Amino acid sequence: MKKYYDFLVIGSGLAGLSYALKVAPHGKVAIISKTKLEETNTSYAQGGIAAVTHKPDSYNKHIQDTLTAGDGLCDEDIVRLVVEEAPGQIDELIRWGAQFDRENDGRFDLAREGGHSEHRILHHKDNTGSEIQRALSRQARVHKNIDIFQEFFAVDIITQHHLGKLVKRAHTDTECYGVYAFDLKKHETITILSRVSLIATGGTGNLYSTTTNPPIATGDGIAMVYRAKGTVENMEFVQFHPTALYHPGERPSFLITEAMRGFGAILENQRGVQFMDKYDQRGSLAPRDIVARAIDNELKVSGDEFVYLNCTHLEAKALKEHFPTIYKKCQSVGIDITRNKIPVVPAAHYLCGGIKVNNWGKTWINRLYAAGETASTGLHGANRLASNSLIEAIVFADRAAKDSIQVYKNFDHQDNIPDWNDEGTRHPEEMVLITQNFKEVQQIFTNYVGIVRSNLRLHRALVRLEIIYMETEELFKKSTLSKPLCELRNIINVGYLIIKMAQQRTESKGLHYNVDFPKAGEPLRLV
Ligand code: FAD
Ligand code: SIN
């Protein structure tokens, strides 16, 4: 079955929905989402969205904080562009119905997070993402030009390759005509053709055993673009959030927002020692890479399984008011945050790299855009500043929408696209073959490609991943399509890119810390 649209959007988080709402007045839009519209990383965002709203903050301060966190690898023009366009995009969110907390005088109640020199994080309590998702999902559901395909899995983008033409890597004439999407309820694959498409499939946290990301985050968009020979970059920069709730067996790990440290909570080891000051003069509010590495080091040296976040000295009423979700969640596992310290550990959280795009969100494949966590825009460099991802998602979705509206009429639908070929792939595979390989990949990444890396660990990871890659490609050729199999294939592709790019970087930079290339001036030897 073939369906025809002007705009195709793969992903229903902030990047996908905001793009869809902006192009929808110009033509028919299809949004596909592999689970429910609301099951996105966006919905889980807690701390908030960074933007300069009033003095004493300034664009220059936000730019400088972003550049400092990025450890010399940010694209300064892109940083300026995002910071300057951020306030306008906040207005858009408010027009769509998203609400942010305000002071009594009507000004935004701004929070502060690690690496920020000012209070500049707009938030809705401690559940900002679900508030944004709520507002945008509501708008998308009632828009007459938007068709929503929930529980449709994008398997591969369609390019000349599917017309039997050879596509070389970095071939600048490659074009995207749409996507093969697997209907998870009917178990059939349909062809969605579009004039232009946007990939907004989010992150890759599920590559690791411990992650704050929901199960949807398996790097599908990056894997699809890599297979289509588009350009992917900066994959070695995987961000670990320093403070996920230590609650073994729970997946995803529940996040304890950095805004809590901005509010005065302090990191301590199990002996009650505030250890952050010996790693960085900014203490508990140092940028994330430094805090996550420091915790990792404390745990390795002490043999402990977690450190504590202590907020028991803060005013109980204010704590409950600002962090109601965290208060409730911790209470549900027997921790009263006003009296008890919270056990925390780092968890895989965000991917800084991804599908390379230009300053209009265009990928290196024609007719294809990317925005949000799946894209690499140049904003984050080697380490993302807290709360800079939601703002990046909406700024780049806006730019991609503007460009798409300008050009989409130049492209006709490609009419000779074959249906998905499932000849010879009619054997359902035993699930255990898939789930076991998925677990093995997670163990490889957790043990060898985590917060602290080494040449030997990266080499081991690659050798083991290659075996699982061969097994999985074999399986993919002969099995019926299924979501777990497609996700396993994608996570392996994405994992391969992370290891290869980590091996190519012969220095420690930002989130990529390799003990064989120690950082100049590192205060402590990290294990
Ligand atoms: P997502 O919101 O993840 O949406 C991805 C979409 O793609 C989903 O709809 C999914 O179903 C769909 N999809 C994926 N693969 C396929 C496929 N093969 N076929 C069909 N559909 C597919 N950032 C901040 O700036 N501030 C914060 O306070 C903050 N807090 C966070 C807290 C947590 C716990 C987490 C996990 C992240 C947080 N982040 C925060 C990061 C931020 O939430 C994400 O980077 C951002 O929301 C990503 O948005 P997105 O639109 O790119 O993707
Ligand atoms: C948090 O609330 O600590 C997460 C913020 C982010 O990931 O940007």
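Quantities reported herein were computed from a predicted structural model and do not represent experimental measurements.

A look at the packing of aromatic side chains
Line of reasoning, step 1. Within the structure shown, the criterion is met by twelve aromatic pairs.
Line of reasoning, step 2. Ring geometry for F100 against F108: centres 6.5 Å apart, planes inclined by 80 degrees, an arrangement best described as edge-to-face. A single burial state applies to F100 and to F108, both of which are buried.
Line of reasoning, step 3. Centroid distance F149 to F152: 5.3 Å. Interplanar angle 85 degrees. Geometry classified as edge-to-face.
Line of reasoning, step 4. Owing to a relative accessible area of 12%, F152 belongs among the buried residues under this scheme.
Line of reasoning, step 5. Members of the aromatic cluster, joined through ring pairs, are Y5, F149 and F152.
Line of reasoning, step 6. Lying over the aromatic face of Y350, R384 brings its terminal NZ or CZ to 4.1 Å of the ring centre.
Line of reasoning, step 7. For R489, the ring lying beneath its charged end belongs to F476, and the centroid distance is 3.8 Å.

Side note on helix 1 (residues 14-23)
Line of reasoning, step 1. Counting buried positions along helix 1 yields ten of ten residues, so the element is predominantly enclosed.
Line of reasoning, step 2. All of the buried residues along helix 1 are L14, A15, G16, L17, S18, Y19, A20, L21, K22 and V23.

Regarding the sheet that holds strand 9 (residues 232-233)
Line of reasoning, step 1. Strands sit in the order 9-14-16 across an open sheet of three strands; the sheet is mixed. The two strands at the open ends of the sheet, each matched to only one other strand, are strand 9 and strand 16 (375-376).
Line of reasoning, step 2. Sheet strands touched by helix 6 (residues 220-227): strand 9 and strand 14 (354-356). Its angle to strand 14, the strand with the most contacts, is close to 45 degrees.

Structural notes on the sheet that holds strand 10 (residues 238-245)
Line of reasoning, step 1. Taken in spatial order, the four strands line up as 10-13-12-11 in an open sheet, and their pairing is antiparallel. In this open sheet, the two strands that pair with only one neighbour each are strand 10 and strand 11 (266-268). Sheet twist, expressed as the mean angle between neighbouring strand axes with direction ignored, is 45 degrees.
Line of reasoning, step 2. In this structure, strand 10 lies alongside strand 13 (residues 342-351), joined through six bridges in antiparallel fashion. By the bridge assignment, V238 is partnered in strand 13 with L351.

Here we look at the site of ligand 2
Line of reasoning, step 1. Taken together, Q46, G47, E113, H241, L255, T257, E258, R288, H349, R384, A386 and S387 make up all the residues around ligand 2.
Line of reasoning, step 2. Here an oxygen atom of ligand 2 sits 2.7 Å away from a polar atom, N or O, in the side chain of H349.
Line of reasoning, step 3. Notes on ligand 2: free accessible area 260 Å², of which the protein chains cover 93%.
Line of reasoning, step 4. Looking at side-chain class alone, the shell around ligand 2 contains two nonpolar, six polar and four charged residues.

Let's talk about the pairing of strand 13
Line of reasoning, step 1. Of all ten residues making up strand 13, ten are buried, and the element is well covered by its neighbours.
Line of reasoning, step 2. As defined by bridge partners, strand 12 (residues 307-310) adjoins strand 13 across three bridges and the pair is classed as antiparallel. Bridging from a neighbouring strand, Y308 pairs with P343 of strand 13.

A word on unusual backbone geometry
Only a minority of non-glycine residues have a phi that is not negative, and only a minority of peptide bonds are not trans.
Line of reasoning, step 1. Residue P56 is reached from K55 by a cis peptide bond, and omega for that bond is 10 degrees.
Line of reasoning, step 2. With respect to the helices and strands, the residue P56 is situated in the loop between strand 3 (49-50) and helix 3 (59-69).
Line of reasoning, step 3. In this chain, R251 is followed by P252 through a cis amide linkage whose omega measures -5 degrees.
Line of reasoning, step 4. Tracing the sequence through the fold places P252 in the loop between strand 10 and helix 7 (259-262).
Line of reasoning, step 5. Look at K229: it is not a glycine, yet its phi comes out positive at around 70 degrees.
Line of reasoning, step 6. When you line up the elements, K229 lands in the loop between helix 6 and strand 9.
Line of reasoning, step 7. Given a relative accessible area of 29%, K229 falls into the partly exposed group.
Line of reasoning, step 8. Unlike most non-glycine residues, N234 shows phi in positive territory, near 55 degrees.
Line of reasoning, step 9. Here N234 lies in the loop between strand 9 and strand 10.

Observations concerning the site of ligand 1
Line of reasoning, step 1. As a matter of local geometry, ligand 1 sits amid 38 residues, with S12, T42, G48, E373 and S389 nearest to it.
Line of reasoning, step 2. In the model, an oxygen atom of ligand 1 is placed 3.0 Å from a nitrogen or oxygen of the A15 main chain.
Line of reasoning, step 3. The contact in question runs from a nitrogen atom of ligand 1 to an N or O atom on the backbone of G48, over 2.7 Å.
Line of reasoning, step 4. About the coverage of ligand 1: the protein hides 98% of its 1000 Å² of free accessible area.
Line of reasoning, step 5. Secondary structure elements with two or more residues in the shell around ligand 1: helix 1, strand 2 (29-33), helix 2 (41-44), strand 6 (152-158), strand 13 and helix 11 (388-407).
Line of reasoning, step 6. Looking at the shell around ligand 1 residue by residue, the class counts come to 14 nonpolar, 19 polar and five charged.

Side note on helix 13 (residues 455-478)
Line of reasoning, step 1. Helix length check: helix 13, at 24 residues, gives a terminal C-alpha distance of 35 Å against a target of 34 Å (1.5 Å per residue), a fit within 8%.
Line of reasoning, step 2. Contacts made by the buried residues of helix 13 are with strand 6, helix 12 (431-448), strand 17 (452-453), helix 14 (483-504) and strand 18 (513-514).

Comments concerning the pattern of salt bridges
Line of reasoning, step 1. Tallying each qualifying case throughout the model produces 39 salt bridges.
Line of reasoning, step 2. Between K34 and D220 there is a salt bridge, with its nearest N and O atoms 2.8 Å apart. With K34 in the loop between strand 2 and helix 2 and D220 in helix 6, the pair connects residues that are 186 residues apart, well separated along the chain. For the pair shown, K34 and D220 are each scored as buried.

Side note on the nonpolar core
Line of reasoning, step 1. Formed by 74 residues in total, the largest nonpolar core has its most connected members in I32 and F445.
Line of reasoning, step 2. Sort the elements by how many residues they give to this core and helix 14 lands first, with eleven residues.
Line of reasoning, step 3. Here F445 is in contact with L207, Y208, G450, L465, G495, I498 and I499, once residues within four sequence places are set aside.
Line of reasoning, step 4. Counting 55 residues, the second largest nonpolar core, distinct from the first, contains Y19, I31, A200 and A401.

Re the packing of helix 1 against helix 11
Line of reasoning, step 1. Packing of helix 1 against helix 11 leaves a shortest axis separation of 8 Å and a crossing angle of 30 degrees. Two packed elements cross with a definite hand, and for helix 1 against helix 11 that hand is right-handed. Listed contacts from helix 11 to L14, A15, S18, Y19, K22 and V23 of helix 1 are L390, A393, I394, A397, D398, A400, A401, S404 and I405.
Line of reasoning, step 2. Along the lines of polarity and charge, the residues of the contact of helix 1 with helix 11 split into eleven nonpolar, two polar and two charged.

What counts as what
- Residues numbered from 1 in each chain as written.
- Chains lettered and ligands numbered in written order.
- Predicted model: local features only at pLDDT ≥ 70, side-chain atom pairs only at ≥ 80, totals over all residues.
- Heavy atoms only, no water.
- Phe/Tyr/Trp six-rings, centres within 6.5 Å; stacked < 30°, edge-to-face > 60°.
- Buried < 20%, exposed > 50% of the residue type's maximum accessible area, 1.4 Å probe, protein only.
- Lys NZ or Arg CZ within 6 Å of the ring centre and 35° of its normal.
- Helix = DSSP H or I, 4+ residues; strand = E, 2+ residues; numbered from the N terminus.
- Pairing = 2+ DSSP bridges.
- Contact = heavy atoms within 4.5 Å.
- Axes fitted to C-alpha atoms, helices over the stretch in contact; angles between N-to-C directions.
- Near = heavy atom within 4 Å.
- Polar contact = N/O pair within 3.5 Å; in protein donor to acceptor, adjacent residues only side chain to side chain.
- Areas by Shrake-Rupley, 256 points an atom, 1.4 Å probe, with all protein chains shown as cover.
- Nonpolar A, V, L, I, M, F, W, Y, C, P; charged D, E, K, R; others polar.
- Expected span 1.5 Å × (residues − 1).
- Salt bridge = Lys/Arg side-chain N within 4 Å of Asp/Glu carboxyl O.
- Core = buried A, V, L, I, M, F, W, Y, C linked by side-chain atoms within 4.5 Å.
- Left-handed = near helix turned anticlockwise from the far one by under 90°.

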